[in-house]
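# Observations on the model geometry
Each chain, letter by letter, is given below.
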Amino acid sequence: MQVPTSAPRDSDDLESRAARIAGLSLGELAHLANIAIPDNFKRQKGWTGQLIELWLGATAGSKPTQDFPELGIELKTLPIDANGMPLETTYVCYAPLIPAPMMKGQRSNVRNKLQCVLWVPVEGQRDIPVAQRRIATPFIWQPSEQQDQQLQRDWELLTEMIALGQVESITARHGDFMQLRPKAASGKVLADALGPEGQRIKTRPRGFYLRKEFTQGILQQHFGCY
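We now turn to the structure provided with this report. (Residues numbered from 1 in each chain as written. Predicted model: local features only at pLDDT ≥ 70, side-chain atom pairs only at ≥ 80, totals over all residues. Heavy atoms only, no water.)

In the contact formed by helix α1 (residues 11–21) and helix α3 (residues 47–56), the axes pass within 9 Å of each other and the chain directions differ by 125°. Taken as axis vectors, α1 and α3 run oblique relative to one another. Our pair here, α1 against α3, has a crossing hand that is right-handed. For the pair formed by α1 and α3, the contact residues are L14, R17, A18 and I21 on the first element and I52, W55 and L56 on the second. Considering only residue class, the contact of α1 with α3 consists of 6 nonpolar, no polar and 1 charged. (Axes fitted to C-alpha atoms, helices over the stretch in contact; angles between N-to-C directions. Helix = DSSP H or I, 4+ residues; strand = E, 2+ residues; numbered from the N terminus. Parallel < 35°, antiparallel > 145°, perpendicular 65-115°, else oblique. Left-handed = near helix turned anticlockwise from the far one by under 90°. Contact = heavy atoms within 4.5 Å. Nonpolar A, V, L, I, M, F, W, Y, C, P; charged D, E, K, R; others polar.)

A separate point is the environment of D13. With respect to the helices and strands, the residue D13 is situated in helix α1. Taking relative accessible area as the criterion, D13 reaches 9% and is therefore assigned buried. Counting along the chain gives 43 residues from D13 to L56, while the straight-line C-alpha distance between them is 9.4 Å. (Buried < 20%, exposed > 50% of the residue type's maximum accessible area, 1.4 Å probe, protein only.)

Let us now look at α3. Across the 10 residues that make up α3, a large majority, 7, are buried. Turning to α3, its buried residues number three or more, namely W47, T48, G49, L51, I52, W55 and L56. Backbone geometry just after α3 places G57 at a positive phi near 80°.

Function cannot be inferred from these measures alone, as they are strictly geometric.
Listed below in structure tokens is the structure:
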């Protein structure tokens, strides 16, 4: 098995590539691609996603679009435990801290990223060495009308608070299914945002994250209850 040299032709080709890596370990994929395997993810948190992007032929890199822009499909890896439950929240995208006037949810990057997702569940228990963690069955998901409305409500709540200069008042408790959290390599990284009086302030960059309860629902929807 070789690393693909081109992007997938269509969604069927993407699903076929994803099916080929199901059941393999991260170590096996890294060895076949001649990539060094980290002992842990303290310094290389995005390593798993980058490895899987390589094997699936993702082309977007760090651009603010889907990982497979020609297909309109985003790739999300999802660490799971022995019972198939999500172990952590899922990063969606950066949050604009100075929102564009009259931005609507239908135009948001959150909606763009989540309109169609290839989920790749991966063993993520810390007692399993990185090289031995296996990839579960990937699947393509599109939000139901209910899920779309749930995300829209949270997006509106969080975006309104940002627009009102309340970004530093937002905690992980805001949002039922999606939350806003700091997203930066270190606390020294700062971005422009609106303050409570409409002034420009400096604060840590923020990102939108899906709560574990939301991604658990996606897994249950696809694989059945467990």
